[in-house]
Each structure stands twice: as C-alpha cells, then as structure tokens.
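A structural walkthrough
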Protein chains: 2
Amino acid sequence: MTRPDAPPGAVRQGSLREWNLAVVLGRIAAADRPPSRAELAAGTGLTRATVSAVVEDLLAGRLVTEAEPTPRTGAGRPSRGLVLATDGPAGLGLEINVDYLAACVVDLAGRVRHHTVRRADLRPLSAAEALARLADLAAHARADATREGLTLAGAALAVPGLVDDAGLVRLAPNLGWRDVPVPALLGKGPPLTAHVDGVPPLVVDNEANLAALGELHAGPAGRPSFLHISGEVGIGAGIVLDGALYRGARGWSGEIGHLPIRPDGPPCRCGSRGCLETYTGQEAILAAAGLAGADLPADTATTRLAELAGAGDPAALRALAGAGTALGVALAGVVNLLDLDTVVLGGGYAPLAPWLRPPVLAEISRRVLTAAWSPVTVRPATLGAAAAAVGGAGSVVRRILARPAGWLARPA
Amino acid sequence: MTRPDAPPGAVRQGSLREWNLAVVLGRIAAADRPPSRAELAAGTGLTRATVSAVVEDLLAGRLVTEAEPTPRTGAGRPSRGLVLATDGPAGLGLEINVDYLAACVVDLAGRVRHHTVRRADLRPLSAAEALARLADLAAHARADATREGLTLAGAALAVPGLVDDAGLVRLAPNLGWRDVPVPALLGKGPPLTAHVDGVPPLVVDNEANLAALGELHAGPAGRPSFLHISGEVGIGAGIVLDGALYRGARGWSGEIGHLPIRPDGPPCRCGSRGCLETYTGQEAILAAAGLAGADLPADTATTRLAELAGAGDPAALRALAGAGTALGVALAGVVNLLDLDTVVLGGGYAPLAPWLRPPVLAEISRRVLTAAWSPVTVRPATLGAAAAAVGGAGSVVRRILARPAGWLARPA
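Please read all numbers here as calculations on a predicted model, not as lab measurements.

Below, the discussion takes up the overall build of chain A. Helices and strands together make up the secondary structure of chain A, namely 13 helices and 15 strands. Taking the principal axes of the C-alpha coordinates as reference, chain A spans close to 70 × 55 × 45 Å. Taken across its 412 residues, chain A has 53% of its residues classed as buried. Counted over contacts in chain A with a minimum sequence separation of 6, partners at least 24 positions apart contribute 63%. Counting every atom, chain A has about 16600 Å² of accessible surface; 54% of that belongs to carbon and sulfur.

The structure is reproduced here in structure tokens:
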C-alpha cells in the first residue's frame, strides 16, 4: 500500500494510479475554490490527459462532483470546477461518555450531516448494556445517512479511557471499565459500514484524541499545533502537532489529568495523590462551588455554575479561580515542555472559559520562559462537547481522502 | 528542493536524479553489511544501469567507497559492497556551556573522529569573549579534520538556552546571555566549512535538543521515541518522537526545568517558584548534599557526590533520593502526557543514575496510569556530557545523507 505520506522508494506502475488519485483528490480538497482540470494539471505537474482520466475515476466513484460552470472567459468549453462529493462516502463518529452517548455523520466535504446526543448516566450499566444502547443510536444514524444518499465507509468510537490497538479498553476509570473488548461487544449486529480497503470498520480511540481531531477539523486550515484539553469528570488532552494527532509511543498520550500539581495533594481515583484531576475535574470544581450533591447531570451542573459565576456568586467565582490556577500551573508545564502556541479549553471547560482563562493566562505568563516574547493563545473549543464524535467521523473521511483507491475498489 | 521525506506531488526529471542519489545512499547507510549494486537494484526497484550510474556519482563525490571484495560465490566478477566514505564530508559539532567548551568531528559513517573539551567557567566572560575561545577550538578541530582528509560540510553549535531560527540566543539564563547574535560574533574569522547547498554553515541550537540527537545517533537503530533529560546547572530536555527531534511550535520545546513541582516552592532563576530546577538542578543537589560552596567545577563536584554516595554517605544519599523523587514526579507527568516508553538520564545525571533511577521509577510506577501493563525504561545516557557536540556534528551528517546532491554540486 502506498500512502501519500510514505516515501515511495521507487514508484511502481501499480501504485502510480493510487498516488495520482490521492494527489488530485488532495488538491481538490485543499483548494479555495473549485479547481478546473487544467488548474489541477498545472498544480500537480501531471499531464492534462492523466488528470482527465483521474477525474473521471473520482467522478464515477462519487468522490467528487462538478460544480456549476463558471461564466466563459474566452473560447472553448466553459471550465467546470471540481468539488468534493456530498453524496458519496461518509464517516460515522460515535461517543460513549460517563453521562451521554452521541452519534454523528460527516460527509467527504467535512459537513456534519447528522448529530444525536442521548443523555443518561451510564455508570450503573454494564459495558455490554451501554454498548447495546450505542449500537441502537448508530443504527439510527446509519438509516439517516442512507436516506441522504451517503454510504458509511467506517466508524470511530470515542471512549473516556485508555484503548489499545485492537480496540480493547484497558482502563476507563470513570466508567468503571477494565479490559472491555469493545469491537466484539459492539459488532454483534449487522455491519454498520461498507467494506473499504484501508478504512477500518470500527476504530476505538480515546475521547480526548478524537476531540482534538474534531477541533482540528473545525478550526482554521493549515497545520496547527495545539493542546485540546477536555474537562469532564475526568480530564484528557489531545496533542496536535503540525496538523497531526500525536498519540505517543503506545497510543496513550494525553493523560494530563494525572499531572501532579502538589505531589502530596488530595488522593486521586488513579491511586496517586495531588493529580490535576483532584483540583480541576468537574466534580472537584462543583464541590468547591458548593454544587456537589445537587444531583444534577454534569452538563446541567456546569451550566448552573456558569450562571452563578455570571451573577457574581462568590463561591462560584472562588471555585473557578482556584481551578483556573491549578489548570494554569499544569498547562504552563506543558507549554514549557512542548512549546505549543495554542491551548484549547474543550468539553466542560468550554462554557467556563470566561472564568478559567484569566488565571490560566496568569500562570502561563508567570511560568513559561518564552511567554514574554511569544504569547500563548488560550481559547474555548469551537465544538464543545460534540468534538469527539465529529473528530471520529472526520478521521474516517481523512482516511478516504488519503487513499481514495481503497474506496474506488470496494466490492459493489 | 526534493527531500526524501517530502511527498513528491509529481516527480520531475530534474529532481529524479537527486531522489535516486538519496534513495541509494540511504540504503547503503542503513544496510547491515555492504550491499552490492545488484542488491541495491533489488532493494530500490531501480534498474541496474541506474544504480550503477548513481553509485559512480557517489564514489566520485567521496560519499561512498567500495569495501574489500567478498569471496566469489559463483561466476562473474566478485561483487564489491559499498560503504559510507570515511574521507569525505564531515560535520562539526560545537558546544558552549556554563563551565566548558567542546568541539567534535563526526564523519559520514557516524564515527567520532575528533573530540576536545576545554574546561573553564564562562560566566565571568562576555559572550564575545566566550565565542572567541570557541572559534579557536573550532579552528583546531578543522585543522585536525583536514589532516585526516575530511571536509567540514557544516557546523552545529549547542548553547544552554533558547535560540531562534536566525541563531539569535534569546535567553541563556545560566550564562547570563540575552539576545546574543551568535552567528555574527562567531563568523568573524575565515569560514570554517565548505559551502554546501542545503547544509547551513552554522546552526545554533539548544543544548538539550542536540544532546537528544546525540543519544539518537549513539543509540540502537530504528525510530525510537524517548525523552533525554540533561541535568547541568540548568535542566533541559530533548524530545525524540519516532526517530525525529520534536522542536515545538516555535522551536522552544523541552524546558522541563521549569515544570512546577510545588507551585509555591522555592524561588527559581526564571522568576517563578517551585520549578523542577530548584529541586534537581546541579546546584540544588550539591547544596542538599552539603557540597555547596566547595568551589569545585560542576563535573568534579558531581564525581565527588557519586563517590560519597557510593561510600554510603547519608547526606549524599538523602540529597540524591530527594532529587530523584522530584525528578520522578516531573517525569511521571511527562510520561502521562506524552506516553514515552524510555527516559534517558543525560548530562550530569548520567553518573548519578544509580541513585536517581530507583526513586524516579518509584514515582513513575505510582503516577503513570499505563505503567502497570506498559513499563517505562529509565537508563543513563550513552554519551553523557559529550552528547550535544556529537549530536550537532551528527545532524550535519544527516543533512548530507538526506540530500547528497547538494554536496556533489558544491563549488570546487
């Protein structure tokens, strides 16, 4: 298999077509306005005959469509620009979290075509029961996608835990899961997605990783570097370096919730002491604000906290200032280590960003060596709680864009 | 310019030769034993005629030489394997640190051909005076290289500070430097290196970055991921991900010395409080061991500390245990965040590793979520204090291997 980011060693005939398909499709995906065949030839260095043949394949496979013709500017046929298809392959993004399930469908052009969130405390349920509910939500999303003429090419599921390559959830402390074989439990029903070479039918991934991909998907173009921190009951981070998710040596990066703030601080669910999560996890913040035991769902409690802070409630303001300072201490360490120019406050932190941001910035400016001449941007996430499901669906779409030949060769 | 790691878009004729040169030279560099032209053709997919032409160019340019012929195994001429030349281009690595200067020369095959260290406390000197001493050391290294038939193709200088793209040292707190234009100050004499397209005559880089590259150079083959932490008066880290140095969004990654251990801990030279450096910087460890003010050079003091610890001195053992615990708290946070499977104790930490390693491992096993099923290796550096100069010289060599056409096209 030849991937566009793999050095070709020597380009062989068989893979040359795959390569050209990916190069032309990538140009169409990245273009500001629909490029013509002639512009694609000029931009890629391929001959016009090659570009025409490649474009025919992409049109026949519902990967691109022709945009409305632009007015004639000279002799000859009007040039028709090419755009990504919105009735071809799509990605399915799923999320299972402590207190909600979500499903979403993203088309090849990156548009969210379907999005459902179902609130429920999943902690009392077994993993099999929780996954059965998720399968139901996924089937609805699939039926909706089919009605819109889309074909699901793959799925990605976000879980708040550590996942290995085979989709085994090693540990999801806040769900009480340990060694849960998600693909086996979820894959009992009929297949959700078409078989596409190079696109796994189901990828299980850490919630914070997929949320960071969602933010990448929703954010400005280019190859940004940022840390996306999701504040839920647990805290996770996704690290995007040069436009790509950094997963770590074994795929378990981003456990920022267990960065020590005070080595001898309060005990943490992980068995250690003084972790960031004990200061700035959702439950810790709510408890500090006097909202613990109110028995509200977490998102409702967060909304309530934001309302109280907005109204100037001293306990709410004190809790958010304390959490923001602890978050800032941790993030200053991360920025010193990784030299990131942007930190995105996601998940439950997004609606609290007006109060968390100032103390976070204060700690960064106090502790980051380069802050004086190289400011760090701290901003709320664009997608908030939807980020992980959108990011999962987007990761499927990116696989198709990276290797369209797999989609074109799928069994009819 | 075509680099082997850049997707070619469309391969044009002009760059095809460059590409083939890099592919064949890369194969020779990576081979376990000297490959023949026939083996190179089989391994690259290029024709034998193309390989022969490419090899002629590489031989003529002193990038490869023919190894001794192996015994005939059949009909035809004996096959002569190809190896990297040891009388062609070489890299110059330089280091300026708080209490020493160093210069080293590494040949294309990766061998260290020259290495000099000159001890002196550089803090009383101006930047211009310190760099004049370094220029003298560099000139000696160059003369030595020339005597051995080597041509210096580029130089890299390690400094204990934050450096921008133009080689301006923005801040080197332990040298007392701020905004020092190193290339302008060092480049006053005759040019040290040949002009080679694609190889900058002088790269100024952070000491911890180049030390990590040195460790990469000296360590096992492959594409490892590790953190190399250098414990000197200041503490720096170089982060290697998948065999490549991670520099951060602006090139300032690795400031691990300012990871907060206790947010309200002792004041740090950086202006903040409780940074790792205040617990495990060389001066902090020596003070805790009762060796402060002994007025010994730092490396002598470190040796003395290791001797005392080896003899069971309680103050020395207590100081090292405390430093190891603080180091472990910081490293556990880094491993949780980045999921690295290896931590290398470098610089002044290397000789102290027997005492630092156990408390570091204890904190990692206590605080890293994945440690139970995925152990982290903590080991002393292979190169110790020489790492940065070797890494700098090696980075020059890698540039030539990545784009040999630049070397071949240099003015006679």
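In this section: the nonpolar core. By size, the foremost hydrophobic cluster in this structure holds 94 residues, and its most contacted members are Ile229(A), Ile256(A), Leu338(A), Ile229(B), Ile256(B) and Leu338(B). Each residue touching Ile256(B), except ones within four places of it in the same chain, is listed here: Leu337(A), Leu227(B), Ile229(B), Ile235(B), Gly236(B), Ala237(B), Leu276(B), Leu331(B) and Val334(B).

Take the pattern of salt bridges next. Residues and elements named next belong to chain A. In the structure shown here, the tally under the stated rule is 42 salt bridges over all chains. In this structure, Asp-197 and Arg-403 form a salt bridge, with 3.6 Å as the shortest nitrogen-oxygen distance. With Asp-197 in the loop between helix H5 (182-186) and strand S10 (202-206) and Arg-403 in the loop between helix H12 (387-402) and helix H13 (404-408), this pair connects stretches of sequence that are 206 residues apart. Accessibility expressed as a relative area gives 46% for Asp-197, which makes it partly exposed. Overlapping salt bridges bring together Arg-37, Glu-56, Glu-66 and Arg-80 as one network.

Residue and element names in this part refer to chain A. One open sheet holds the five strands; their spatial order is S5-S4-S3-S6-S10, and the pairing between them is mixed. Every interior strand has two partners, whereas the edge strands, strand S5 (112-119) and S10, have only one. Taking the axes of each pair of neighbouring strands and ignoring which way they run, one obtains an average angle of 15° across the sheet. Where strand S6 (residues 151-159) and S10 come together, five bridges link them in parallel fashion. Note that in S10 the partner of Ala-158 across the bridge is Asp-205. Seen against the sheet, helix H4 (residues 127-147) touches strand S3 (89-96), strand S4 (100-107), S5 and S6 and runs at an angle of roughly 25° to S4. Sheet strands in contact with H12 are S3, S4, S5, S6 and S10, and its direction is about 150° off that of S3.

Let us look at the interface of chain B and chain A. Contacts between the two partners involve 53 residues from chain B and, on the opposite side, 55 residues from chain A. On the chain B side of the interface with chain A, the three residues burying the most area are Arg250(B), Leu337(B) and Trp373(B), jointly 15% of the side's total. Our enumeration of links across chain B and chain A arrives at two salt bridges. Here chain B and chain A share 17 residue pairs in polar contact (both at pLDDT 80 or more) between them. Put simply, the parts of the chain that give the side of chain B that touches chain A at least two residues each are helix H1 (13-30), strand S8 (168-172), strand S12 (235-241), helix H10 (314-338) and helix H11 (353-367) of chain B. When residues in the side of chain B that touches chain A are grouped by element, the largest group, six residues, is from H10(B).

Moving on, we come to the confidence of the model for chain A. Should the pLDDT be low somewhere, the predicted coordinates at that spot are not to be read in detail. Residue and element names in this part refer to chain A. For chain A, the mean per-residue pLDDT works out to 88, and 92% of the residues sit at or above 70. The least confident element of chain A is helix H1 (residues 13-30), whose mean pLDDT is 86; the most confident is S3, at 96. Below pLDDT 50 for its whole length, residues 1-12 participates in 21 contacts with residues either more than four positions away or in separate chains.

All names here are of chain B. In space, the five strands of this open sheet follow the order S5-S4-S3-S6-S10, with mixed pairing throughout. Among the strands making up the open sheet, the edge pair consists of strand S5 (112-119) and strand S10 (202-206). Sheet twist, expressed as the mean angle between neighbouring strand axes with direction ignored, is 15°. For strand S4 (residues 100-107) and S5, the ladder comprises seven bridges, and the chain directions are antiparallel. The partner of Val-106 across the bridge, within S5, is Val-112. Against the sheet, helix H4 (residues 127-147) touches strand S3 (89-96), S4, S5 and strand S6 (151-159), its axis set at about 25° to S4. Sheet strands touched by helix H6 (residues 207-218): S3, S4, S6 and S10. Its angle to S10, the strand with the most contacts, is close to 100°.

Running from amino to carboxyl end, helix H10 (residues 314-338) of chain A crosses H10(B) at an angle of 75°, the nearest separation of the two axes being 12 Å. Here H10(B) runs roughly perpendicular to H10(A), going by the angle between their axes. Of the residues in H10(B), those in contact with Val334(A), Leu337(A) and Leu338(A) of H10(A) are Val334(B), Leu337(B) and Leu338(B). Within the contact of H10(A) with H10(B), the residues separate by chemical class into six nonpolar, no polar and no charged.

A few words now on the pairing of S6(B). All names here are of chain B. For S6, a buried count of eight out of nine residues is recorded, marking the element as mostly surrounded by other parts of the structure. Relative to S6, S3 runs parallel, the two being bridged by seven bridges. Bridging from a neighbouring strand, Leu-92 pairs with Ala-155 of S6.

In this section: empty space enclosed by the protein. By the definition in use, this model includes 11 cavities of 30 Å³ or more. Space inside the largest cavity adds up to approximately 260 Å³. If you go around the largest cavity, you meet 20 residues; those closest to its centre are Pro160(A), Gly161(A), Asn174(A), Gly234(A) and Ile235(A). Its residues placed into classes, the lining of the largest cavity shows nine nonpolar, seven polar and four charged. Summarising the domain contributions, the lining of the largest cavity has at least three residues from each of domain 2 (89-212 + 388-408) and domain 3 (220-381) of chain A. Approximately 130 Å³ is the volume found for the second largest cavity. Surrounding the second largest cavity, 16 residues form its lining, Leu259(A), Pro260(A), Leu259(B), Pro260(B) and Gly333(B) being those nearest its centre.

Here the structure, examined in full by the defined rule, presents one aromatic pair over all chains. Sitting above the plane of the Trp407(B) ring, Arg410(B) keeps its charged end 3.7 Å from the centroid.

Next up on the list: the domain arrangement of chain A. All names here are of chain A. What the domain assignment reports for chain A is domain 1 (13-84), domain 2 (89-212 + 388-408) and domain 3 (220-381). The C-alpha centroid of domain 2 is placed 32 Å from the C-alpha centroid of domain 1. Between domain 1 and domain 2, the residue contacts involve 12 residues of the former and 13 residues of the latter. Both sides together, the interface formed by domain 1 and domain 2 hides about 1000 Å², and carbon and sulfur atoms give 69% of it. Inspection of the region where domain 1 meets domain 2 yields one salt bridge. A salt bridge links Glu-18 to Arg-403; the shortest N-O distance between them is 3.4 Å. One can count four residue pairs in polar contact (both at pLDDT 80 or more) joining domain 1 with domain 2. Here the element with the most residues in the side of domain 1 that touches domain 2 is H1; it accounts for six residues. When grouped by side-chain class, the residues that make up the side of domain 1 that touches domain 2 number seven nonpolar, one polar and four charged.

Procedures and definitions
- Throughout, residues of each chain are indexed from 1 in the direction in which the sequence is written.
- Chains carry letters and ligands carry numbers; both start at the beginning, A for chains and 1 for ligands, and go up in the order they are written.
- Local features in this predicted model are restricted to residues whose pLDDT is 70 or higher, and side-chain atom pairs enter the listing and the counts only when it is 80 or higher, whereas totals over whole chains, interfaces and linings include all residues.
- The basis for every side-chain value is the complete set of heavy atoms in the structure, and neither hydrogens nor water enter the calculation.
- Numbering of helices and strands runs from the N terminus; a helix is a DSSP stretch of H or I covering at least four residues, while a strand is a stretch of E covering at least two.
- Summary of the burial criterion: residues with accessible area below 20% of their type's maximum are buried, those above 50% are exposed, and those between are partly exposed, where the area comes from a 1.4 Å probe applied to protein chains only.
- Here, two residues are considered to be in contact whenever any of their heavy atoms come within 4.5 Å of each other.
- With residues, only the protein chains shown are counted as cover, and all accessible areas are computed by Shrake-Rupley using a 1.4 Å probe.
- Among the buried residues, those of types Ala, Val, Leu, Ile, Met, Phe, Trp, Tyr and Cys that are joined through side-chain atoms within 4.5 Å form a nonpolar core.
- Here a salt bridge means any side-chain nitrogen of Lys or Arg lying within 4 Å of a carboxyl oxygen belonging to Asp or Glu.
- Each pair of strands is called paired provided DSSP finds at least two bridges between the two strands.
- Every axis in this analysis is a line fitted to C-alpha atoms, fitted for helices over the stretch in contact. Angles between the N-to-C directions lie between 0 and 180 degrees.
- Buried area adds together the accessible area that both of two parts lose upon being put together, with accessible area traced by a 1.4 Å probe.
- A 3.5 Å cut-off defines polar contacts: any pair of N or O atoms within that distance qualifies, except that in protein one atom must be a possible hydrogen donor and the other a possible acceptor, and neighbouring residues in sequence count only when both atoms are side-chain atoms.
- On a scale of 0 to 100, pLDDT captures the predictor's confidence in every residue.
- The cut-offs work like this: below 35 degrees is roughly parallel, past 145 is roughly antiparallel, 65 to 115 is roughly perpendicular, and the gaps in between are oblique.
- Amino acid classes used here: Ala, Val, Leu, Ile, Met, Phe, Trp, Tyr, Cys and Pro are nonpolar; Asp, Glu, Lys and Arg are charged; the rest, including Gly, are polar.
- Cavities and pockets are found on a 1 Å grid laid over the protein atoms alone: a cavity is a set of points where a 1.4 Å probe fits but cannot escape, a pocket is an open set with protein on both sides within 12 Å along at least five of seven lines, and a lining residue has an atom within 4 Å of such a point.
- Grid points are joined across faces, edges and corners, and a volume is the space filled by probe spheres set on the points.
- Those domain boundaries reflect an automatic or database domain assignment.
- Centre distance within 6.5 Å is the pairing criterion for rings of Phe, Tyr and Trp, where only the six-membered ring of Trp is used; planes under 30 degrees apart are then read as stacked, over 60 as edge-to-face, and the remainder as tilted.
- A ring is scored as having a charge over it whenever the NZ atom of a lysine or the CZ atom of an arginine sits within 6 Å of its centre and within 35 degrees of its normal.

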